[in-house]
Amino acid sequence: EFFQAFFGGGRRPGSRRARTPRGAKRPGRDVEEEIELSLEEAVRGATKRLQIKQEGHTRIVEVRIPVGVGEGSRVRVAGEGEQNTGGAAGDLYLRIRMRPDPRFERRGRDLYTEVSIPVTTAVLGGEAEVPTVADRPLRLRIPAMTQNGQTFRLKGHGIPAAGKPADRGDLYARVTVAMPLRLSPEQKRLYEELARLDG
């Protein structure tokens with residue numbers, strides 16, 4: 001009897017099944033729509049105006065997308081689904097599709113990007129500009145003798161956790177050493193001198 005009462009295995013003698021109160025409105029059907037977001041909108045959150053079509057009519061719904069959503073996330077908008085004849089509405093579910101961003105690769109809450117630096121900066125050290133999604137570019141200190149493909153971590157500049165804007169992933173900058181396309185006579189002389197010094 002204990003398991004039947006609490007886990008639905010049946011009814012105890014004399015018990016009644018729960019019923020919808022008389023006069024209560026049953027909600028309409030839930031609706032699912034796909035919405036495309038940019039990476040910046042996923043970081044900052046966004047307000048979107050959507051056109052919902054139902055039975056030949058179109059209505060505009062304004063929805064707030066929380067920060068931290070990703071590919072395949074579902075956002076529930078209560079009471080904005082299909083309405084039944086009694087006027088009670090179901091819920092609207094938004095399925096997120098992320099628009100590709102050529103600057104970044106997203107892995108969970110972390111972002112990966114590439115930064116090109118000249119040979120002289122890789123050898124002698126210096127600074128490089130790293131793009132970010134929603135903020136100004138960052139200045140990254142490049143130590144001397146940085147190798148091609150070396151990766152630097154910029155903590156807290158990735159994607160925020162859902163519902164926690166202050167809890168962010170990291171940004172990883174992978175260095176690509178750019179070879180010169182042409183050399184002046186003086187630059188060529190200096191490279192030849194460097195080659196002699198290298199033996």
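These numbers were taken from a predicted model, which means no experiment stands behind them. (Residues numbered from 1 in each chain as written. Predicted model: local features only at pLDDT ≥ 70, side-chain atom pairs only at ≥ 80, totals over all residues. Heavy atoms only, no water.)

J.: Please explain the overall build of the protein chain as it appears in this structure.
T.: A tally of regular secondary structure across the protein chain gives 4 helices and 13 strands. Burial analysis of the protein chain (199 residues in total) assigns 32% to the buried set. The long-range share in the protein chain, meaning contacts at least 24 apart out of those at least 6 apart in sequence, stands at 50%. Of the accessible surface of the protein chain, which amounts to about 14,100 Å², a share of 49% is contributed by carbon and sulfur atoms. (Helix = DSSP H or I, 4+ residues; strand = E, 2+ residues; numbered from the N terminus. Buried < 20%, exposed > 50% of the residue type's maximum accessible area, 1.4 Å probe, protein only. Contact = heavy atoms within 4.5 Å. Areas by Shrake-Rupley, 256 points an atom, 1.4 Å probe, with all protein chains shown as cover.)

J.: I keep staring at the packing of aromatic side chains and nothing clicks. Help me out?
T.: Each aromatic ring pair is characterised by the separation of its centres together with the angle its planes make. Per the stated rule, a full pass over the model turns up 1 aromatic pair. On the basis of an interplanar angle of 10° and a centroid distance of 4.9 Å, the ring pair of Y112 and Y172 is categorised as stacked. With Y112 in strand β7 (residues 110-118) and Y172 in strand β13 (residues 171-178), this pair connects stretches of sequence that are 60 residues apart. By relative accessible area, Y112 is classed as partly exposed at 24%. Stacked on the ring of Y112, the Lys or Arg R107 has its end atom at 4.0 Å from the ring centre. (Phe/Tyr/Trp six-rings, centres within 6.5 Å; stacked < 30°, edge-to-face > 60°. Lys NZ or Arg CZ within 6 Å of the ring centre and 35° of its normal.)

J.: Please explain unusual backbone geometry as it appears in this structure.
T.: For residues that are not glycine, phi is negative in most cases, and the peptide bond is trans in most cases. One non-glycine residue, M145, lies in positive phi territory at about 65°. Take M145: it is sitting in the loop between β9 (138-142) and β10 (151-154). Given a relative accessible area of 54%, M145 falls into the exposed group.

J.: Sorry if this is basic, but what is going on with the sheet that holds β7 here?
T.: As a general point, the strands of a sheet are linked pairwise by backbone hydrogen bonds and lie either parallel or antiparallel. Pairing in this open sheet of 4 strands is mixed, and the strands run β6-β7-β13-β10 from one edge to the other. Two strands close off the open sheet at either side, each with one partner strand: β6 (105-107) and β10. The average angle at which neighbouring strand axes cross in this sheet is 30°, direction not considered. (Pairing = 2+ DSSP bridges. Axes fitted to C-alpha atoms, helices over the stretch in contact; angles between N-to-C directions.)

J.: What should I look at first to understand a nonpolar patch on the surface in this one?
T.: A cluster of nonpolar side chains, contributed by L183, Y191, L194 and L197, occupies part of the molecular surface with about 390 Å² of accessible area. Here L194 is to be found in helix α4 (residues 185-197). (Patch = residues over 30% accessible without salt bridge, like charges linked within 9 Å, V, L, I, M, F, W, Y side chains within 5 Å. Salt bridge = Lys/Arg side-chain N within 4 Å of Asp/Glu carboxyl O.)

J.: Before we go on, may I ask you to explain the pattern of salt bridges in this structure?
T.: One side chain can pair with another of opposite charge once the charged atoms of both are near each other. Taken as a whole and assessed by the stated rule, the structure comprises 20 salt bridges. The network of salt bridges with shared partners includes E32, E34, E36, R74, R95, R97 and R99.

J.: Mind showing me how you'd approach the confidence of the model for the protein chain here?
T.: A low pLDDT score tells you not to read the predicted coordinates there in detail. Averaged over every residue, the pLDDT of the protein chain is 85; residues scoring 70 or more account for 87%. Low pLDDT, under 50, characterises residues 1-7; the stretch is placed with 5 contacts to residues that sit more than four places away or in other chains. (pLDDT = per-residue confidence, 0-100.)

J.: Please explain the environment of D110 as it appears in this structure.
T.: Along the chain, the position of D110 falls in strand β7. Its relative accessible area of 22% is what places D110 among the partly exposed residues. Beyond its immediate sequence surroundings of up to four residues, D110 is in contact with E105, G169, D170 and Y172. Among the polar contacts made by the side chain of D110, one reaches the main-chain amide nitrogen of D170 at a distance of 2.8 Å. (Polar contact = N/O pair within 3.5 Å; in protein donor to acceptor, adjacent residues only side chain to side chain.)

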